[in-house]
Amino acid sequence: MASFSPNTPHLKLTSTSAAPPRLWGWTSLFTAHKQAKKKQSFQFKAVYTPGLSLSSPTSKKPTQRREKNENETDDISILNERIRRDFGKREATRPVMDSEEADKYIQLVKEQQQKGLQKLKGKKSGGGGAGAGAGDSGYNGAGGFSYKVDPYSLRSGDYVVHKKVGIGKFVGIKFDVQKDSTVPIEYVFIEYADGMAKLPVKQASRMLYRYNLPNETKRPRTLSKLSDTTAWERRKTKGKVAIQKMVVDLMELYLHRLKQKRPPYPKNPAIAEFAAQFPYEPTPDQKKAFLDVERDLTERETPMDRLICGDVGFGKTEVALRAIFCVVSAGKQAMVLAPTIVLAKQHFDVVSERFSKYPDIKVGLLSRFQSKAEKEEHLDMIKHGHLNIIVGTHSLLGSRVVYNNLGLLVVDEEQRFGVKQKEKIASFKISVDVLTLSATPIPRTLYLALTGFRDASLISTPPPERLPIKTHLSAFSKEKVISAIKYELDRGGQVFYVLPRIKGLEEPMDFLQQAFPGVDIAIAHGQQYSRQLEETMEKFAQGAIKILICTNIVESGLDIQNANTIIVQDVQQFGLAQLYQLRGRVGRADKEAHAYLFYPDKSLLSDQALERLAALEECRELGQGFQLAEKDMGIRGFGTIFGEQQTGDVGNVGVDLFFEMLFESLSKVDEHCVISVPYKSVQIDININPRLPSEYINHLENPMEMVNEAEKAAEQDIWCLMQFTESLRRQYGKEPYSMEILLKKLYVRRMAADIGITKIYASGKMVGMKTNMNKKVFKMMIDSMTSEVHRNSLTFEGDQIKAELLLELPREQLLNWIFQCLVELYASLPALIKY
């Protein structure tokens, strides 16, 4: 009889005289296979390859029963899909750190956390900040950061969060007498879904947070219940787990950056001459940004990843130009990446003019405006290092663009790029210096900057000659549009007229031609022929075209000094960052600029659209792009660190409590570490010996090699085991139940190794798991569970996780229960640091 024991160093065939192993034995597994071999003259020739391409002309087709079951959903396929969705290859194959590296890692993270705290402390003391409410929260003096609200700063109708009860509505502060006293004291009265609560003011100041999303008029989805806090606890737990995952992701990102090395750039005296060409006096914020970038490039050995956040026209480009000069003068290439061809062309013109005094520095533009021959010539020049500065759109990220010696990537308006482009940008950060320019950074980027994990320089001081843009928000009417355009034309200016889609551009063209018969009007959008679009933009820039009807292709970068009125129709269809950028197209000169934002009917607008408009109206002053992005963060959520979903769990608890939970998680990051163990050291003391059907053994052609490969895949990591299982099923269809049990054993052992479980055993109705994890890690895992059955049955005692079942289960059912339990525990792994 052939038997298999995964507790041995390698999978082996043992003779029938050997004693069968007590655990994990494949008893009589291949008996049918031996008998079948006697009746067949052919030999199995198929072998397992990494892609599991097992094939042979002699192989049989699966039986009808197997074909019928092939598409059924089973526990393993559900787990595989969950691993793919929640972990991804990056997470499932996340490298394990040694303890010394991890300790250094955690210390660095805590230092970064303190930087984030100081940054937020400064913002709060200034009365602003993400989720700040009337300056009523701040540094608590005990080394922590508090977002708790001062009850006296609340107004009737404000929404608040009680840490233990949930979301309620503030009613007021009144004097009342306690039961055992005659002295009245002040109480805070809060309305909940099922009644009114009162608590002393002193207690309220320790437990209450303002429920703050984009602004104080934001309504929560529901009020919490006093009589049942389970729903609130679920919301809070969901937020905690999401935050912990963010923290781990942040730590990994930060450590990965720290591991990258490049020699500092030399300090070039010629930079002073280059800087002298800047025709304006730099603002104090600009000077600080210049200094920050110079230090990143010339004093650090790790690649730069800095965000320059400055309002439209506040001088971000000059910061980028000086960084480019530093890198290019050291013999490296620089790439300037823009979201639209209009902005790319403008950057190319600015860079070309600025470097025109340096004949050895060649500047090139890669765009769809070029002929095939021109494009091929540019690609060849980039590859051989004959172009020093390359400007373009996302085509610069394509596989055909091969850089000779890339040193710097400048990204303008990162939020305008798609998912794939952002992933490609992220991959560049491993090896090159990256400078991101944005007036309204995406919430994910803003979040990194706020928490100290990403370097950021804020340019909030306007140039002396800039005037605020006057914003007009109203329902659409042709009369208002004509009046606004007439005012601008009468003072010799030009007008942008922006619509959200190409289809509607002809309609305003018709009525504007009737209203202004002698005025040159043109249409511009991204689907026009390249030359036509380029000519239209050129004529508008030169002042020949007075009214430009266009899509948001002009959103970024178009700098027309004489255009000081912009009209945006169907404003509700634009995002907040888009509207802010569009408004920034005007007001570049010393004239007062006007932005007219028209909506069809407020009753037709969603709550989120109304919030965007209200936020834009609030941020009318110059230099408020950063504050606007913070409001956007409240509206859209923080999003995810590596993905592009622009929603978050902030609404569950409000921004203030969310931030406090985030910093609490950061300060206790060393408590959430899981120490994985070697796969082969895991003992599974469950005596279960399923038999494989003879027809399935024959169908597998070479079952022993398949078993060896399954074990090797499980030993490597769970991603490899998942790929093996899926490849096996693609090749041979759904396996019989006995084979599914054997695969589940491999999954159980793999998952146990990853989360630090060294032994799994059963005795009667009790299941035990010996582990090296601490109680706080166990609590995190329990909080992550979606199954109440498993969550309620598990306890932690010493170095054991135990479960008392209602009845003693047959061995196969017991393995299924353990499999499901480990799947639930394993789901928390992305929120833990893996040693």
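Residues numbered from 1 in each chain as written. Predicted model: local features only at pLDDT ≥ 70, side-chain atom pairs only at ≥ 80, totals over all residues. Heavy atoms only, no water.

Student: I keep staring at the overall build of the protein and nothing clicks. Help me out?
Tutor: Within the protein, the regular secondary structure consists of 29 helices and 27 strands. In the protein, 76% of the contacts between residues at least 6 apart in sequence involve partners at least 24 apart. Here the protein has roughly 36700 Å² of accessible surface; of this, 51% comes from carbon and sulfur atoms. (Helix = DSSP H or I, 4+ residues; strand = E, 2+ residues; numbered from the N terminus. Contact = heavy atoms within 4.5 Å. Areas by Shrake-Rupley, 256 points an atom, 1.4 Å probe, with all protein chains shown as cover.)

Student: What's the story with the nonpolar core in this structure? I'm lost.
Tutor: Soluble globular proteins: nonpolar side chains tend toward being buried together. Formed by 70 residues in total, the largest nonpolar core has its most connected members in Leu794 and Leu822. If near-sequence neighbours (up to four positions away) are discounted, leucine 822 is found in contact with Val748, Met751, Ala752, Ile755, Ile757, Ile760 and Met769. Listed in part, the 68 residues of the second largest apolar core include Phe290, Ala344, Leu437 and Phe574. (Core = buried A, V, L, I, M, F, W, Y, C linked by side-chain atoms within 4.5 Å. Buried < 20%, exposed > 50% of the residue type's maximum accessible area, 1.4 Å probe, protein only.)

Student: Honestly, helix α27 (residues 775-784) in this entry has me stumped. Any pointers?
Tutor: Every buried residue belonging to α27 is among Val777, Phe778, Met780, Met781, Ile782 and Ser784, and all of these are buried. For α27, the N-terminal capping position is held by asparagine 774, with its side-chain oxygen 3.0 Å away from the main-chain nitrogen of lysine 776. (Polar contact = N/O pair within 3.5 Å; in protein donor to acceptor, adjacent residues only side chain to side chain.)

Student: How should unusual backbone geometry be read in this particular structure?
Tutor: When glycine is set aside, most residues are seen to have a negative phi, and most peptide bonds are trans. Backbone geometry at aspartate 570 places phi at a positive 55°, although glycine is not the residue there. You can see aspartate 570 is positioned in the loop between β19 (563-568) and α18 (576-583).

Student: Looking at this structure, how should I read the side chain of threonine 551?
Tutor: Positionally, threonine 551 belongs in the loop between β18 (547-550) and β19. Judged by its relative accessible area of 7%, threonine 551 is buried. With residues up to four places along the chain from it excluded, the contact list for threonine 551 reads Val498, Leu499, Arg501, Ile502, Leu505, Ala524, His525 and Gly526.

Student: What am I meant to see in the packing of aromatic side chains here?
Tutor: What describes a pair of aromatic rings is the distance from one ring centre to the other and the angle between the planes of the rings. Per the stated rule, a full pass over the model turns up 12 aromatic pairs. Relative to tyrosine 280, the ring of phenylalanine 278 has its centre 5.7 Å away and its plane inclined at 75°; by these criteria the two rings are edge-to-face. With relative accessibility at 55%, the residue tyrosine 280 sits in the exposed group. A ring pair is formed by phenylalanine 476 and phenylalanine 598, whose centres lie 5.8 Å apart and whose planes are at 90°; its orientation type is edge-to-face. Here the residue phenylalanine 476 occupies a position in the loop between β15 (470-475) and α15 (478-490), and phenylalanine 598 occupies one in strand β20 (residues 594-599), the gap between them amounting to 122 residues. What links up through ring pairs into an aromatic cluster is the set Phe274, Phe325, Phe355 and Tyr358. (Phe/Tyr/Trp six-rings, centres within 6.5 Å; stacked < 30°, edge-to-face > 60°.)

Student: In this structure, what is going on with the pairing of strand β25 (residues 794-797)? I would like to understand it.
Tutor: Consecutive side chains of a regular strand alternate in pointing toward one face of the sheet and then the other. Side chains Leu794 and Phe796 project from β25 onto a buried face, and the interleaved Thr795 and Glu797 project onto a face without burial. Here β25 runs beside strand β26 (residues 800-804); their pairing, made up of 4 bridges, is antiparallel. When the bridges of β26 are listed, glutamate 797 appears paired with glutamine 800. In textbook terms, the turn of a hairpin is the stretch between consecutive antiparallel strands, and for β25 and β26 this stretch comprises 2 residues, one of which, glycine 798, has a positive phi near 65°. (Pairing = 2+ DSSP bridges.)

Student: I'm lost on the confidence of the model for the protein in this one. Help?
Tutor: Should pLDDT be low for a region, the predicted coordinates there are not to be read in detail. The share of residues in the protein with pLDDT of 70 or more is 75%, and the mean pLDDT across the chain is 77. Low confidence marks residues 638-648, where pLDDT is under 50. Its contacts with residues over four positions away, or in another chain, come to 35 contacts. (pLDDT = per-residue confidence, 0-100.)

Student: Would you mind showing me how to read the environment of methionine 381 here?
Tutor: Along the chain, methionine 381 falls in helix α12 (residues 372-383). For methionine 381 and lysine 362, which are 19 residues apart along the polypeptide, the C-alpha to C-alpha distance reads 9.9 Å. Sequence-distant contacts of methionine 381, defined by excluding residues within four places in its chain, comprise His386 and Leu387.

Student: Can you walk me through the sheet that holds strand β4 (residues 166-177) in this structure?
Tutor: As a general point, the strands of a sheet are linked pairwise by backbone hydrogen bonds and lie either parallel or antiparallel. If you trace the 5 strands from one edge of the open sheet to the other, you get β6-β5-β4-β3-β7, paired in antiparallel fashion. Edge strands, defined here as strands with exactly one partner in the open sheet, are β6 (195-200) and β7 (208-210). Here the strands of the sheet are splayed against their neighbours by 45° on average, with no regard to which way each runs. (Axes fitted to C-alpha atoms, helices over the stretch in contact; angles between N-to-C directions.)

Student: Would you mind showing me how to read the pattern of salt bridges here?
Tutor: Side chains that differ in sign of charge can pair as their charged atoms come close. Applying the stated criterion to the full structure yields 32 salt bridges. Here glutamate 711 and arginine 749 are joined by a salt bridge, their closest N and O atoms 3.3 Å apart. With glutamate 711 in helix α24 (residues 703-716) and arginine 749 in helix α26 (residues 737-754), the pair connects residues that are 38 residues apart, well separated along the chain. Taking relative accessible area as the criterion, arginine 749 reaches 0% and is therefore assigned buried. Here the salt bridges do not stand alone but share partners, grouping Asp74, Asp75, Arg729, Lys734, Glu735, Glu740 and Lys744 into one network. (Salt bridge = Lys/Arg side-chain N within 4 Å of Asp/Glu carboxyl O.)

Student: When you look at the side chain of glutamine 569 in this model, what are you seeing that I'm missing?
Tutor: Relative to the assigned elements, glutamine 569 resides in the loop between β19 and α18. If we ignore the near neighbours within four places in the chain, the residues touching glutamine 569 are Phe476, Tyr497, Val498, Leu499, Pro500, Phe574 and Phe598.

Student: Where do I start with the sheet that holds strand β16 (residues 494-498) in this structure?
Tutor: With respect to topology, 6 strands assemble into an open sheet ordered β15-β20-β19-β16-β18-β17, the strand pairing being parallel. The sheet terminates laterally at β15 and β17 (521-524), the two strands that pair on one side only. For this sheet, the mean inter-axis angle between neighbouring strands, taken without regard to orientation, is 15°. As paired elements, β16 and β19 share 5 bridges and run parallel to each other. Note that in β19 the partner of valine 495 across the bridge is threonine 565. Taken strand by strand, helix α16 (residues 506-515) contacts β16, β17 and β18, and its axis lies near 175° from that of β17.

Student: Quick question: what am I supposed to make of the pairing of β4 here?
Tutor: Inspection of the sheet shows strand β3 (residues 159-162) paired to β4 by 4 bridges, in the antiparallel sense. Bridge pairing links valine 160 to glycine 168 in β4. Taking the residues between adjacent antiparallel strands as the criterion, β3 and β4 are bridged by 3 residues.

Student: What should I look at first to understand the packing of α15 against α16 in this one?
Tutor: Packed helices, taken two at a time, are described by the angle their axes make and the gap between the axes. Between α15 and α16, the shortest axis-to-axis distance is 11 Å and the interhelical angle comes to 55°. Judged by the inter-axis angle, α15 sits oblique to α16. The crossing of α15 and α16 is right-handed. In contact with Lys478, Val481, Ile482 and Ile485 of α15, α16 contributes Phe511, Leu512 and Ala515. For the contact of α15 with α16, the per-class residue count stands at 6 nonpolar, no polar and 1 charged. (Parallel < 35°, antiparallel > 145°, perpendicular 65-115°, else oblique. Left-handed = near helix turned anticlockwise from the far one by under 90°. Nonpolar A, V, L, I, M, F, W, Y, C, P; charged D, E, K, R; others polar.)

Student: Just checking my understanding: could you explain the packing of helix α10 (residues 316-328) against helix α11 (residues 341-354) for this structure?
Tutor: Remark: α10 packs on α11, axes separated minimally by 12 Å, with the N-to-C direction vectors making an angle of 55°. Taken together, the axes of α10 and α11 lie oblique to each other. For the pair α10 and α11, the crossing hand works out as right-handed. Packed against α10, whose contacting residues are Thr317, Glu318 and Leu321, the element α11 presents His347, Val350, Val351 and Arg354 at the interface. Partitioning the contact of α10 with α11 into residue classes produces 3 nonpolar, 2 polar and 2 charged.

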